[in-house]
Amino acid sequence: HKLAKAYLASGDPQLARENAEVCHDVDPENTDYSATLAEAMLESNDLDGLFAFLRSEAAQRQRPADQILLGRYLARIGTADEAESAFLAAARLDRGQNPGPQWELANFYRTIGAADKETDRLRMILWLRPNDPEATARLRELGKVPGPSYAIPPAERI
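Residues numbered from 1 in each chain as written. Predicted model: local features only at pLDDT ≥ 70, side-chain atom pairs only at ≥ 80, totals over all residues. Heavy atoms only, no water.

### Describing the packing of aromatic side chains
And step 1. All chains considered together, the criterion is met by two aromatic pairs.
And step 2. Ring geometry for Phe 87 versus Phe 108: centroids 5.5 Å apart, planes at 50 degrees, classification tilted. Here Phe 87, found in helix H6 (residues 80-94), pairs with Phe 108, found in helix H7 (residues 99-112); they are 21 residues apart in sequence, far enough to count as distant. For the pair Phe 87 and Phe 108, one class covers both residues: buried.
And step 3. An angle of 55 degrees between the planes, with centres 5.6 Å apart, marks the rings of Phe 108 and Tyr 109 as tilted. Exposure class is identical for Phe 108 and Tyr 109. Each is buried.
And step 4. Pairwise contacts between aromatic rings join Phe 87, Phe 108 and Tyr 109 into one cluster.
And step 5. When the ring centre of Tyr 150 is taken as reference, the NZ or CZ atom of Arg 123 above it lies at 4.3 Å. (Phe/Tyr/Trp six-rings, centres within 6.5 Å; stacked < 30°, edge-to-face > 60°. Helix = DSSP H or I, 4+ residues; strand = E, 2+ residues; numbered from the N terminus. Buried < 20%, exposed > 50% of the residue type's maximum accessible area, 1.4 Å probe, protein only. Lys NZ or Arg CZ within 6 Å of the ring centre and 35° of its normal.)

### Brief notes about unusual backbone geometry
And step 1. For Asn 45, which is not a glycine, the phi torsion comes out positive at approximately 65 degrees.
And step 2. Its place among the elements puts Asn 45 in the loop between helix H3 (31-43) and helix H4 (47-61).
And step 3. The exposure class assigned to Asn 45 is exposed, which follows from its relative accessible area of 61%.
And step 4. Its identity is not glycine, yet Asn 131 carries a phi of approximately 70 degrees, on the positive side.
And step 5. Judged by its relative accessible area of 69%, Asn 131 is exposed.

Printed below as a string of structure tokens:
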């Protein structure tokens, strides 16, 4: 894995991909290996292979982390609608239990300038982690006054 990352850093995505594929074959559940393989595929400009790989991982494992990884790469290539769908799928799989998927959505909404949606996700983070300093600071940047009653339960909470 370190060799694959070193090849990425040195600008050789093909050798990085070969080594990352070995790592992924040995431990397909390792999210770090999947992320390194995805990065090598992106840098070698194999977008069809990249998204086939990421969608397959997300469909097979049904884990929030796989949907998040898919969403991040979709966002990086500028496919905002599909990226949002992947991040929302991660939040649904998580069932609103952890702040990770909520943060992914809040950060995504910030990058596309959807302040109302960002605010909602930050409020959901406060439900999960009252007084979260980063969420509180971000809400203040958005002109909001967060307090104990400002938090809302995650939309995906069951």
